[in-house]
Amino acid sequence: MKLLAPSILAADFSNLRQQIRYTELGGADWIHCDIMDGKFVPNISFGPSIVSAVKRITDLTIDVHLMIENPDSYIEDFINAGADIITVHQEEVVHLDRTLNLIKSLGAKAAVAVNPATPLNSLDEILDDVDMILLMSVNPGFGGQNFIGKSIKKIEQLSKIKKENNNRFLIQVDGGIDKQNISQVSNAGCDVFVAGSAIFKNENITAASVELKKLIT
Ligand code: DX5
Ligand code: ZN
């Protein structure tokens, strides 16, 4: 199953309810929330109060991507705010096994993200324990960046590993996804497609969502 996860980082926050509704009408499956603290990444976005507002706006799965230092201290806050799935960064978390267990013990799905320069073998020990692996196809921190072409090879490699080990995790790709590259990302093995600018910077959010959905299904 191929899932579309619009990232609200690129949305008009003065009109969030309507903007999310437009993506729902276009077939969005999840809502991706990018949490940035100005430390792990050089940008600040929003915190649990916005996530809880999103939860009240939509019944879609709330997908929270934590680009923050010391995520363990905030996981419970985001789950209480309504996160259904929490993604932490491999580069930030020292005791990854402990953090994944913490997320699951609080009733959410647990995922790990890797930056473009982080090798896949850093995930070898947790492949059986995660619900999703997020491959960053830009260096995190900002929406609207260009897709890093060599990510395709990494998606293919992870997809191969998943098949060989009979793993059940979803493969998510995040950064620079648009109508030009989404089919290639899909063919490489992506299950969950994050798209910010390609959806919310389009003057017709519903039509943009429909088009991306069509290209992956
Ligand atoms: C990047 C974020 C992405 C970003 C995607 O740091 O994790 O989710 O918002 O936005 P686009 O699709 O504009 O690259
Ligand atoms: Zn993200």
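Predicted model, so just to flag it, every value in this text is computed and none were measured.

Draft legend 1. A look at the overall build of the chain. Looking only at helices and strands, the chain has eight helices and eight strands in total. For the chain, the spread of C-alpha atoms along the three principal axes comes to 45 × 35 × 30 Å. Taken over 217 residues, the chain has a buried fraction of 53%. In the chain, the share of contacts with a sequence separation of at least 24, taken over all contacts with a separation of at least 6, comes to 64%.

Draft legend 2. Examining the sheet that holds strand 2 (residues 30-36) more closely. The strand order across the open sheet built from eight strands is 1-8-7-6-5-4-3-2, with neighbouring strands paired in parallel fashion. Edge strands, defined here as strands with exactly one partner in the open sheet, are strand 1 (3-6) and strand 2. The mean inter-strand angle of the sheet, taken between neighbouring strand axes irrespective of direction, is 25 degrees. Here four bridges tie strand 1 to strand 8 (residues 192-195), and the two strands are oriented parallel to one another. Each bridged residue has a counterpart across the sheet, and for Leu 3 the counterpart in strand 8 is Val 192. In the packing of helix 2 (residues 48-57) onto the sheet, contacts are made with strand 2 and strand 3 (61-67), and the angle to strand 3 comes to roughly 165 degrees. Contacting strand 1 and strand 8, helix 8 (residues 205-216) runs over the sheet at an angle of about 150 degrees to strand 1.

Draft legend 3. Spotlight on the coordination of the zinc ion (ligand 2). Bound to the zinc ion (ligand 2) are the protein donor atoms His 32 (NE2), Asp 34 (OD), His 65 (ND1) and Asp 174 (OD), situated 2.0 to 2.3 Å from the metal. For the zinc ion (ligand 2), the six donor atoms in the first shell make angles of 67 to 166 degrees at the metal, a pattern classed as octahedral. Sequence spacing of the donors to the zinc ion (ligand 2): H-x1-D-x30-H-x108-D. Taken together, the residues His 65 in strand 3 and Asp 174 in strand 7 (residues 170-174) connect sequence positions 109 residues apart.

Draft legend 4. Seen up close, the site of ligand 1. Within the structure, ligand 1 sits among 20 residues, and Asp 34, Gly 141, Asp 174, Gly 196 and Ser 197 are positioned closest to it. A distance of 2.6 Å separates an oxygen atom of ligand 1 from a polar side-chain atom of Asp 174. With the chains in place, 99% of the 380 Å² that ligand 1 exposes on its own is no longer accessible. Structurally, ligand 1 is housed in the largest pocket. No other element matches strand 2, which puts three residues into the shell around ligand 1. Residue composition of the shell around ligand 1, by class: eight nonpolar, ten polar and two charged.

Draft legend 5. How the structure looks around the packing of aromatic side chains. According to the stated counting rule, one finds one aromatic pair in the structure shown. Relative to Phe 46, the ring of Phe 13 has its centre 5.6 Å away and its plane inclined at 55 degrees; by these criteria the two rings are tilted. You can see Phe 13 sitting in the loop between strand 1 and helix 1 (16-25) and its partner Phe 46 sitting in the loop between strand 2 and helix 2, a full 33 residues away along the chain.

Draft legend 6. Main features of the environment of Glu 164. By secondary structure assignment, the location of Glu 164 is in helix 5 (residues 151-165). Measuring from C-alpha to C-alpha, the distance between Glu 164 and Met 36 comes to 34 Å, with 128 residues separating the pair along the chain.

Draft legend 7. Helix 5, seen in detail. The terminal C-alpha atoms of helix 5 lie 21 Å apart, and with 15 residues this matches the ideal 21 Å at 1.5 Å per residue to within 8%. When we look at burial in helix 5, the residues that qualify are Ser 151, Ile 152, Lys 154, Ile 155, Leu 158, Ser 159 and Lys 162. Relative to the axis of helix 5, the buried residues are bounded by an arc of 160 degrees and lie together on one face. What points out from helix 5, more than 90 degrees from its buried face, is the exposed set Lys 153, Lys 160, Lys 163 and Glu 164. The elements touched by buried residues of helix 5 are strand 5 (109-114), strand 6 (132-136), strand 7 and helix 6 (182-188). Taken from the residues just after helix 5, Asn 166 is the one with a positive phi, measuring 55 degrees.

Draft legend 8. The arrangement of unusual backbone geometry in detail. Non-glycine residue Asn 70 carries a positive phi angle of around 50 degrees. In this fold, Asn 70 is placed in the loop between strand 3 and helix 3 (75-81). Unusually for a residue other than glycine, Asn 166 sits at a positive phi of about 55 degrees. Inspection of the secondary structure assignment puts Asn 166 in the loop between helix 5 and strand 7.

Cut-off values and rules
- Residues numbered from 1 in each chain as written.
- Chains lettered and ligands numbered in written order.
- Predicted model: local features only at pLDDT ≥ 70, side-chain atom pairs only at ≥ 80, totals over all residues.
- Heavy atoms only, no water.
- Helix = DSSP H or I, 4+ residues; strand = E, 2+ residues; numbered from the N terminus.
- Buried < 20%, exposed > 50% of the residue type's maximum accessible area, 1.4 Å probe, protein only.
- Contact = heavy atoms within 4.5 Å.
- Pairing = 2+ DSSP bridges.
- Axes fitted to C-alpha atoms, helices over the stretch in contact; angles between N-to-C directions.
- Donors = N, O, S within 2.8 Å, 3.2 Å for Na, K, Ca; no water.
- Tetrahedral: all angles 85-135°; square planar, octahedral: opposite > 155°, others 65-115°.
- Near = heavy atom within 4 Å.
- Polar contact = N/O pair within 3.5 Å; in protein donor to acceptor, adjacent residues only side chain to side chain.
- Areas by Shrake-Rupley, 256 points an atom, 1.4 Å probe, with all protein chains shown as cover.
- 1 Å grid on protein atoms, 1.4 Å probe; cavity = no way out; pocket = protein on both sides within 12 Å on 5 of 7 lines; lining within 4 Å.
- Sits in = over half its atoms within 2 Å of the grid points.
- Nonpolar A, V, L, I, M, F, W, Y, C, P; charged D, E, K, R; others polar.
- Phe/Tyr/Trp six-rings, centres within 6.5 Å; stacked < 30°, edge-to-face > 60°.
- Expected span 1.5 Å × (residues − 1).
- Arc of directions from axis to C-beta.

Geometric values such as these leave the question of function open.
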